[in-house]
Amino acid sequence: MRIRHWWDLLQTLKPNLTTQTRIKLAAAPRFLGGPASKAEQMASLLAGTGAAYDTVFCLSSVYVPLTLLRILKARGARILVNQNGVYYPSWFRGNFKKKNRYLFKLNQLADHSFFQSQFALDSYKTWVGPLPTSCSVLYNPIDVEKFSPAETLLPPDAVRLLVFTDFSKFNELLWNHIVELKSYLEKNWTAPQPIRWVWMGRNIDDGVVDYVKKHVDQAT
């Protein structure tokens with residue numbers, strides 16, 4: 001499926017278009033999460049299969065062959081990158097340096113890179129390398145009609161700590177660190193308000209869920 005899509009990119013590139021739908025994704029995400037939600041939100045702006053385009057949009061964590069992007073850029077395509085997270089040992093069990101080298105080369109090819117937060121930008125500088133020549137921070141939007149602060153803020157009866165990540169083998173090492181953090185705080189927390197833990201994430205692996213449930217009061 002992706003090979004057909006990449007062939008379509010090669011066949012339909014028309015530099016310097018003036019139409020509204022002039023963007024195509026370099027590749028569609030294969031898993032739920034941030035990249036998939038962005039792809040869904042961009043649907044009305046995307047040129048369809050067979051339609052002309054001039055801009056390639058690379059979503060975070062979605063692999064695209066760099067050779068393909070080099071060819072497209074040499075033929076006049078504008079390349080945009082949505083750069084979110086990077087790879088580091090506490091989160092990724094594999095060769096995180098190799099993964100980050102790919103991110104570095106990808107962003108060096110980009111005409112512009114969008115970082116989702118200042119933290120994402122700082123993480124890139126720490127784990128990947130110098131920032132792309134052209135980049136900016138584009139914060140994730142919030143629906144303020146659904147999510148807004150109360151008019152009057154009451155003193156908290158507890159410190160609420162949200163843990164929000166999937167229960168999966170991919171995140172198993174991260175869950176180990178979270179469990180260790182919880183154990184440490186239970187022994188060393190000195191603030192007057194207790195910690196109220198909030199656990200959220202998709203159940204992708206029952207084994208990881210069972211492991212976490214042994215160490216937390218509630219996992220949903």
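Anything mentioned here points back to the structure above.
The rules behind the values
- Residues numbered from 1 in each chain as written.
- Predicted model: local features only at pLDDT ≥ 70, side-chain atom pairs only at ≥ 80, totals over all residues.
- Heavy atoms only, no water.
- Helix = DSSP H or I, 4+ residues; strand = E, 2+ residues; numbered from the N terminus.
- Buried < 20%, exposed > 50% of the residue type's maximum accessible area, 1.4 Å probe, protein only.
- Contact = heavy atoms within 4.5 Å.
- Lys, Arg positive; Asp, Glu negative; His and termini not counted.
- Charge placed at Lys NZ, Arg CZ, Asp CG, Glu CD.
- Salt bridge = Lys/Arg side-chain N within 4 Å of Asp/Glu carboxyl O.
- Pairing = 2+ DSSP bridges.
- Right-handed = clockwise from strand over helix to strand, strands pointing away.

## Thoughts on the overall build of the protein chain
- Secondary structure assignment for the protein chain yields seven helices and seven strands.
- Ordered by position from N to C terminus, the α and β elements of the protein chain give α-β-α-β-α-β-α-β-α-β-β-α-β-α.
- Taken over the C-alpha atoms alone, the protein chain extends approximately 60 × 45 × 35 Å along its principal axes.
- When burial is assessed residue by residue, the protein chain has 39% of its 220 residues classed as buried.
- The contacts of the protein chain with a sequence gap of at least 6 include a subset with a gap of at least 24, amounting to 65%.
- Counting 27 positive and 17 negative side-chain charges, the protein chain places the averaged centre of each group 12 Å from the other.

## Focus: the pattern of salt bridges
- On inspection of all chains with the given rule, the structure shows six salt bridges.
- Notably, a salt bridge pairs Asp 166 with Arg 202, separated by 2.5 Å at the nearest N-O pair. Of this pair, Asp 166 sits in the loop between β6 (159-164) and α6 (172-188) while Arg 202 sits in the loop between β7 (195-200) and α7 (206-213), and the two are 36 residues apart along the sequence.
- By relative accessible area, which is 34% here, Arg 202 ends up partly exposed.
- Two residues, Glu 186 and Lys 182, come together in a salt bridge whose shortest N-O distance is 2.3 Å. Separated by four residues within a single helix, Glu 186 and Lys 182 lie in helix α6, roughly one turn from each other.

## Things to note about unusual backbone geometry
- In this model, Asn 16 sits at a positive phi of 65 degrees, which is unusual for a non-glycine residue.
- Tracing the backbone shows Asn 16 in the loop between α1 (2-12) and β1 (23-25).
- Taking the relative accessible area as the measure of exposure, Asn 16 reaches 69% and is therefore exposed.
- Unusually for a residue other than glycine, Ser 61 sits at a positive phi of about 65 degrees.
- Relative to the assigned elements, Ser 61 resides in the loop between β2 (55-58) and α3 (66-74).

## Considering the pairing of β7
- Direction of pairing for β6 relative to β7: parallel, over a ladder of six bridges. What sits directly across from Leu 162, in β7, is Val 198.
- Once the chain exits β6 it traverses α6 before rejoining the sheet at β7, and the crossover so formed is right-handed.

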